[in-house]
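Summary of the model geometry
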Protein chains: 2
Amino acid sequence: MDVRRYVEEHRDEFVAALKEWAAIPSVSADPGHHGDVRKSAGWLRDHLAAAGFPTVEIWESGGMPAVFAEWPAADPGAPTVLVYGHHDVQPARVADGWDTEPFVPEERGDRLIGRGTSDDKGQVLFHALGVRAGLAASGADAPPVTVRMLVEGEEESGSPNFADLLERNRDRLACDVVVISDTTMWSADVPSMCVGMRGLTDCEIVLTGPETDVHSGSFGGAVPNPARAMADLLSALHDGDGRVAVPGFYDGVAEISAEERDLIARLPFDEAEWLATAGSSAASGEAGYSTLERIWVRPTAEINGMWSGHTGAGTKTIVPHSAHAKVSFRLVPGQEPAHVQERVRAFVAERVPAGLGVRVEFGGPGVRACASDIASPAVRAARSAMERAFGTEVLFTREGGSGPEADIADVLGAPLVFVAVGLDDDRIHAPNEKVEIPLLLKGAESAAYLWERLGSQGPPAG
Amino acid sequence: MDVRRYVEEHRDEFVAALKEWAAIPSVSADPGHHGDVRKSAGWLRDHLAAAGFPTVEIWESGGMPAVFAEWPAADPGAPTVLVYGHHDVQPARVADGWDTEPFVPEERGDRLIGRGTSDDKGQVLFHALGVRAGLAASGADAPPVTVRMLVEGEEESGSPNFADLLERNRDRLACDVVVISDTTMWSADVPSMCVGMRGLTDCEIVLTGPETDVHSGSFGGAVPNPARAMADLLSALHDGDGRVAVPGFYDGVAEISAEERDLIARLPFDEAEWLATAGSSAASGEAGYSTLERIWVRPTAEINGMWSGHTGAGTKTIVPHSAHAKVSFRLVPGQEPAHVQERVRAFVAERVPAGLGVRVEFGGPGVRACASDIASPAVRAARSAMERAFGTEVLFTREGGSGPEADIADVLGAPLVFVAVGLDDDRIHAPNEKVEIPLLLKGAESAAYLWERLGSQGPPAG
Ligand SMILES: [Zn+2]
Ligand SMILES: [Zn+2]
């Protein structure tokens, strides 16, 4: 029995389990679904225990729980790997534009459609299959490395309690390599490995004007309108070149090197196809950078939502009493979220017209950007494991997404390696999220090969 | 029996009727309430018929129905007056900040709280009481002038079918004076008469970007964000001096004269008190004009509402697929709504970034501003009728609100007189709308005195 055959023979069982798990609407951002997030943690605990992990625990975090699992290597000198993923998901409602019920996963040929199938339940679950496949292939009853898994429950809410969870459990999480399974590949045909992720900090800005909505016939044009002030504020976030105009926002950001630009330019990027994936008809952004540079190595400010006044049918001639905006900032290495938050607060405070109240509420401390070293043994091992699984060269990419990866690397002092098989057109965070089942199986294979390779490399140097 | 005593003795009956009528949620802007608008028209028809109007009809308009009533003078040579008001109301939901159910009118001392109590049901209803009081005082069985009433059902939706209704019924609406009862007075202690109203045109602007919301980690900063484009667009609506920056917007607008400025400056305006009424902590607007000038004689652009992307709890890191804004423009004499609409469309079209779709939908043809001539016999008669009712001098004001008054004056070729008793702090178009019952009774008295005075002036000259 080799790894590939084991994985393929267990396809249906794997998909059935993923469907069961993805049916739990573990939306961490919605307090109404916090019971489901707990249910999701319980499901994963049971699944990993059934897969054979000798230790499986639910870890309370102060917010939504994480799941920790451990399967020690037979050889006490073998390296330890820590797999990171998350079991919470983005909000999803049919009204957002789903063609199916988002929490009734539907299999269509090689695809599984449903919230969380790609981000991140499918990618967490392939590890359980991978470790079983490795054991089946080796005939051993323990993996060639000590496999630890930490699957958090608040990633889609900005991981507000995760750094603390890491600190408190630093000893039990100690490892030689961190494997992150929450990213995407270049395409189904061009497997690749992420080597950097932008960070994130996000806020809600609230401007308040009249105590209630007031008639614009009686007051319009003579009292400050919070919707207009919000438009001015949001418009001022960027300059004419598409750069973020918040003073100090770029502090610590290094210009990208010619080498980086070359590496990015080498990729077979088809802008028209990428735009089709976005469903957008034009690329636009910071002047002087290519599209891949804009989404991989440049920081941004993005309006994720805004609302004010009358948003229903018909006309309501009012000066709204408040205006709200949700704005997120993507960060690159060198940017400190706390510094960006402070600069954004100052920027907003300076621009609020007299007569309006203002609040800026950040969703948490934010997450720093992270990157992994292409020349490191861990990245080399992961790359060749993926090449074995996919049977072709694996390229390097960056990722627009963000998570608590920088915290993990910092707290645990271990290098990051990204082994993941999502696709950009998986529509994560959007309606009709799906995952390619064959790629999840390749993910399971890759993990099994990686444990084998890291185990045979023996104990880490130092 | 004199007019005042009749009115006061019928107070409770009047309030009971108004409570019944205001309980009908005749929100013309909401198709879900169109049945209620029809119910409201039927209620008024029955009420006016019971008051003694020999002719009462429901007039279909293509949209929501108007109510027409007529009570001919005994003397066929007496002048004819046409009273204009409306029976539809602004939207209202408890969630907007009401302390009571908006459509369960509640009497508290001298106040009646509920949507439409001031705007405009209370002010329509005092005419039924006024005409009865006049008959009781004179002992006649017909009023001293022919009283026609036209109470429309789409004023709060911009009166889209009203000009057409006027044209079709031009003969039956022929009159010597139009009395508008849909405005406010300076204050409860300082009765006044409106002599001008701004016009209005309003639109919804829709910008569309990606086909659906897309993940801002994967696409943010590299495709145009419709929320950001909307902020840019809305921010560009005004220049740094608070002037509307739409080229051509001010075409036809005359600068106000020194005389007008003086007339406005004579009023006992307490800006701090006015701000308290608005619940706003600062005045702001077009540079070079006072607050009263800004709301009375200067045109404006106002954002009444906007929405885009994620507006619920928590974080959703997306590039929204669309952004919406509701914008209304207050117009002054000299501005043609059609011209303003064309200039706004051009302004928006020029500013939409590549890759975004755009729609600008105006709520109807808009309404021109109107004014009445202070020196005319009709204004003089109305002023002294109000002075008799209130027992004090009546001043002149303008009104920030707008309605189809300009169309009425144009189509019927008759001068406008504003006889109305609302207050700026009635919170029309806002939560907790109320009306002062004693002022409605003064309105009824004023109407009775005005019919008497116009009747004794005899047939109009010419
Ligand atoms: Zn994820
Ligand atoms: Zn009104």
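Residues numbered from 1 in each chain as written. Chains lettered and ligands numbered in written order. Predicted model: local features only at pLDDT ≥ 70, side-chain atom pairs only at ≥ 80, totals over all residues. Heavy atoms only, no water.

Chain A has the name Acetylornithine deacetylase/succinyl-diaminopimelate desuccinylase-like protein in an unreviewed UniProt entry, where Streptomonospora salina is given as its organism.

1. Section: the packing of aromatic side chains
So the rule is basically this: By convention, a stacked pair of Phe, Tyr or Trp rings (six-membered ring in the case of Trp) has centres within 6.5 Å and planes under 30 degrees apart, an edge-to-face pair has planes over 60 apart, and any other such pair is tilted. Secondary structure follows DSSP: runs of H or I at least 4 residues long count as helices, runs of E at least 2 residues long count as strands, and numbering of each begins at the N terminus. Partly exposed residues are those whose accessible area sits between 20% and 50% of the maximum for their type, while under 20% is buried and over 50% is exposed, using a 1.4 Å probe and protein chains only. Two thresholds decide whether a charge sits over a ring: the Lys NZ or Arg CZ must be within 6 Å of the ring centre and within 35 degrees of the ring normal.
Going through the model one piece at a time under the given rule, you end up with 20 aromatic pairs over all chains. Ring centres of B:Trp21 and B:Trp43 lie 5.2 Å apart, and the angle between their planes is 10 degrees; this geometry places the pair in the stacked category. One end of the pair, B:Trp21, is in helix 2 (residues 11-22); the other, B:Trp43, is in helix 3 (residues 34-51), with 22 residues separating them in the sequence. The exposure class of B:Trp43 is buried, given its relative accessible area of 13%. Taken together, A:Trp186, A:Phe269, A:Trp274, A:Trp296 and B:Phe219 form an aromatic cluster joined through their ring pairs. Positioned above the aromatic ring of A:Tyr250 is the side chain of A:Arg243, whose terminal nitrogen or guanidinium carbon lies 4.1 Å from the ring centre.

2. A short note on the coordination of the zinc ion (ligand 2)
Residue and element names in this part refer to chain B. Rule in force here: Distances up to 2.8 Å from the metal define which N, O and S atoms are donors, and 3.2 Å serves for Na, K and Ca; water is absent from the atom set, so sites may look incomplete. Note on geometry labels: four donors, all angles 85 to 135 degrees, give tetrahedral; four donors become square planar and six octahedral when opposite donors are over 155 degrees apart and every other angle is between 65 and 115; remaining cases are irregular.
Protein coordination at the zinc ion (ligand 2) comes from His-86 (NE2), Asp-119 (OD), Asp-182 (OD) and Asp-182 (OD), with a distance range of 1.8 to 2.7 Å. Its 4 donor atoms give the zinc ion (ligand 2) angles of 51 to 146 degrees at the centre, a pattern that matches the irregular case. Each donor residue of the zinc ion (ligand 2) belongs to the same chain, and together they define the spacing H-x32-D-x62-D. Remark: Asp-182 occurs in the loop between strand 7 (177-180) and strand 8 (184-185) and His-86 occurs in strand 3 (residues 80-86); sequence separation between them is 96 residues. Like His-86, the residue Asp-182 is buried in the burial classification.

3. Here we look at the environment of A:Ser181
All names here are of chain A. To keep things clear, this is the line we draw: We call two residues contacting when some pair of their heavy atoms lies within 4.5 Å. Polar contacts here mean pairs of N or O atoms no more than 3.5 Å apart (in protein, one a potential hydrogen donor and the other a potential acceptor; neighbouring residues in sequence count only if both atoms are side-chain atoms).
Looking at the element boundaries, Ser-181 is found in the loop between strand 7 (177-180) and strand 8 (184-185). Assessed through its relative accessible area of 1%, Ser-181 is described here as buried. Discounting residues that sit within four places of it in the chain, Ser-181 has contacts with Tyr-84, Asp-120, Gln-123, Phe-126, His-127, Val-419 and Ala-420. A distance of 2.7 Å separates the side chain of Ser-181 from the side chain of His-127, its partner in a polar contact.

4. Focus: the sheet that holds strand 20 (residues 434-436) of chain A
Across a sheet, strands are paired by hydrogen bonds formed along the backbone, either parallel or antiparallel in direction. Residue and element names in this part refer to chain A. To keep it simple, the criterion reads: Whether two strands pair comes down to DSSP finding at least two bridges between them. Comment: axis = line fitted to C-alpha atoms, over the contacting stretch for helices; angle = value between 0 and 180 degrees taken between N-to-C directions.
Taken in spatial order, the 3 strands of this open sheet run 4-5-20, and their pairing is antiparallel. Of all the strands in the sheet, just strand 4 (106-108) and strand 20 have a single pairing partner and so form its edges. Along the sheet, successive strands turn relative to each other by an average axial angle of 20 degrees, direction set aside. By the bridge criterion, 3 bridges tie strand 4 to strand 5 (residues 111-113) in an arrangement that is antiparallel. Note on strand 5: the bridge partner recorded for Arg-108 is Arg-111. Running at roughly 60 degrees to strand 20, helix 14 (residues 437-456) makes contact with strand 4, strand 5 and strand 20 of the sheet.

5. A word on the coordination of the zinc ion (ligand 1)
Ideal coordination angles are 109.5 degrees for a metal with four donors arranged tetrahedrally and 90 or 180 degrees for a metal with six donors arranged octahedrally. Residues and elements named next belong to chain A. Distances from the zinc ion (ligand 1) to its protein donors, His-86 (NE2), Asp-119 (OD), Asp-182 (OD) and Asp-182 (OD), fall at 1.8 to 2.7 Å. Here the zinc ion (ligand 1) binds 4 donor atoms, and the angle range of 51 to 144 degrees at the metal identifies the geometry as irregular. Donor residues for the zinc ion (ligand 1), ordered by position in the chain, follow H-x32-D-x62-D. One end of the pair, Asp-119, is in the loop between strand 5 and helix 4 (121-138); the other, Asp-182, is in the loop between strand 7 and strand 8, and 63 residues separate them in sequence. A residue is classified by how much of its surface remains accessible, and Asp-119, at 6% relative accessible area, is buried.

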